[in-house]
Amino acid sequence: MNDLLRQALRIRYAKLRFTIVFCENTRLPKDKPSAIRGGIGEMLLRANCIRNRNCELCDFREECVVQRTMYTHFKEKPAFVTTGESVGYVLECENIQEVFKRGETLDFSLLLFGRNLVYFSQYIQAVCALGREGLGKNRARFSLVEVVNSDGDTILSGNRIDMAYYRIRRLDDYVKEQQRLRSDRPFRRLVFHTPLTLKYHGEFLKEFQIDAILSGIRRRIYMLDCFEEIQREEWMKQELPRIGTGGQRAYLRSMERYSSRKDCRMILRGLVGSICLTDVPEEAKALLLAGELIHVGKNTSFGFGRYEILGESV
């Protein structure tokens, strides 16, 4: 890993796993991140909004807790970012179970970056409030029973919280650790478990292109750099490493979500499947390992763009 990449990866993060237990029999949608994200946002609005939710005209917009947690803004916005999508967090939940009985549990993960790390307690309070109000259109009530860090240490259990286990790490440390753990494992295949929504040369991908994926990872890292106020424009100008590819299996997957801000239903689409790799240089491995954690492409706050690096090609 060269010095410019190492500096670009000095991004602070914490990955947290939440476990909730349902208080009643219920039904949830297959795609849950949108419902969880929407519910957390609603609870934060109820607890913090003082201007009747008129965000565009609000004179407290810069200080607003909801804006800072759910719609976090860049202090210096990259020129290629044209939407208001937040880069401060990622929600992961790939459990597609729809029917839950009382006493059953559901896990989801929350990945926080940069300045959003200080708002951990706000997310905790919002999840607890959402449990009392109910999740999804069926208002599924639940209790938050546990939050653990990426090492498996318990931060919250019942009503007890131990912030000593709220450990903040850096992306460069994660990449170095994974390089050590996978030093004898080849990089043969990328498997996208959640949809990849990525625009390349002005068009959304209809099949996997490794150059587009690497470029998307670099852009995602640079967005997080800007969010962290790490200026690395010179790194963005470097030529990307080249990776050889074999066959692929790509399928279009759609997810429907309701946007309370726009008061409409939206369809989000992206590619799932896998692409085989050949001849992966070390610099490319570092980028792929970073992308494996932080996701790539659009709609990452809903868990889109999560892939896994496998050592076998089939």
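The structure contained in this document is the topic of the report that follows. As the structure is a prediction and not an experimental result, all values here were calculated from the model.

Focus: unusual backbone geometry
Positioned with a positive phi, His201 is a non-glycine residue whose angle comes to about 55 degrees. By the secondary structure assignment, His201 is in the loop between strand 11 (199–200) and strand 12 (203–204). Taking relative accessible area as the criterion, His201 reaches 72% and is therefore assigned exposed. For Asn299, which is not glycine, the phi torsion reads 60 degrees and is therefore positive. As for its placement among the helices and strands, Asn299 is situated in the loop between helix 8 (282–294) and strand 15 (307–310).

Structural notes on the packing of aromatic side chains
In the structure shown here, the tally under the stated rule is eight aromatic pairs. Ring geometry for Phe22 versus Phe142: centroids 6.5 Å apart, planes at 75 degrees, classification edge-to-face. Residue Phe22 is found in strand 1 (residues 12–22), and its partner Phe142 is found in strand 6 (residues 142–148); the two are separated by 120 residues along the sequence. A single burial state applies to Phe22 and to Phe142, both of which are buried. Taking 6.5 Å as the distance between ring centres and 55 degrees as the angle between the ring planes, the aromatic pair formed by Tyr89 and Tyr123 counts as tilted. Residue Tyr89 is located in strand 3 (residues 89–92), and its partner Tyr123 is located in helix 4 (residues 120–133); the two are separated by 34 residues in the primary sequence. In this pair, the class of Tyr89 matches that of Tyr123, namely buried. The structure contains a cluster of three or more aromatic residues connected by ring pairs, namely Phe22, Phe100 and Phe142.

What about helix 6 (residues 210–227)?
Counted at 1.5 Å a residue, the expected span for helix 6 with its 18 residues is 26 Å, and the 26 Å between its end C-alpha atoms agrees. When you tally the buried positions in helix 6, you get 16 out of 18 residues, the bulk of the element.

Concerning empty space enclosed by the protein
Scanning all chains against the criterion turns up one cavity of 30 Å³ or more. Roughly 40 Å³ of volume is contained in the largest cavity. If you trace the largest cavity, you find it lined by Tyr13, Ala14, Lys15, Leu16, Asn149, Ser150, Asp151, Arg167 and Arg169. For the lining of the largest cavity, the leading source of residues is strand 1, giving four residues. The residue inventory of the lining of the largest cavity, partitioned by class, reads three nonpolar, two polar and four charged.

Some details on the packing of helix 5 (residues 171–181) against helix 8
The interhelical angle for the contact between helix 5 and helix 8, taken along N-to-C directions, is 115 degrees, at an axis separation of 9 Å. Here the hand of the crossing between helix 5 and helix 8 comes out right-handed. Mapping the contact onto sequence places Leu171, Tyr174, Val175, Gln178 and Gln179 in helix 5 and Glu282, Ala286, Leu289, Ala290, Glu292, Leu293 and Ile294 in helix 8. In terms of residue class, the contact of helix 5 with helix 8 is made up of eight nonpolar, two polar and two charged.

Describing the packing of helix 6 against helix 8
At a minimum axis distance of 10 Å, the contact between helix 6 and helix 8 shows a crossing angle of 65 degrees. In this structure, the crossing between helix 6 and helix 8 has a hand that is left-handed. Residue-level contacts link Leu214, Ile217, Arg220, Ile221 and Leu224 of helix 6 to Leu287, Leu288, Ala290, Gly291 and Ile294 of helix 8. Residues that form the contact of helix 6 with helix 8 fall into these classes: eight nonpolar, one polar and one charged.

Conventions and cut-offs
Residues numbered from 1 in each chain as written. Predicted model: local features only at pLDDT ≥ 70, side-chain atom pairs only at ≥ 80, totals over all residues. Heavy atoms only, no water. Helix = DSSP H or I, 4+ residues; strand = E, 2+ residues; numbered from the N terminus. Buried < 20%, exposed > 50% of the residue type's maximum accessible area, 1.4 Å probe, protein only. Phe/Tyr/Trp six-rings, centres within 6.5 Å; stacked < 30°, edge-to-face > 60°. Expected span 1.5 Å × (residues − 1). 1 Å grid on protein atoms, 1.4 Å probe; cavity = no way out; pocket = protein on both sides within 12 Å on 5 of 7 lines; lining within 4 Å. Points joined across faces, edges and corners; volume = space filled by probe spheres on them. Nonpolar A, V, L, I, M, F, W, Y, C, P; charged D, E, K, R; others polar. Axes fitted to C-alpha atoms, helices over the stretch in contact; angles between N-to-C directions. Left-handed = near helix turned anticlockwise from the far one by under 90°. Contact = heavy atoms within 4.5 Å.

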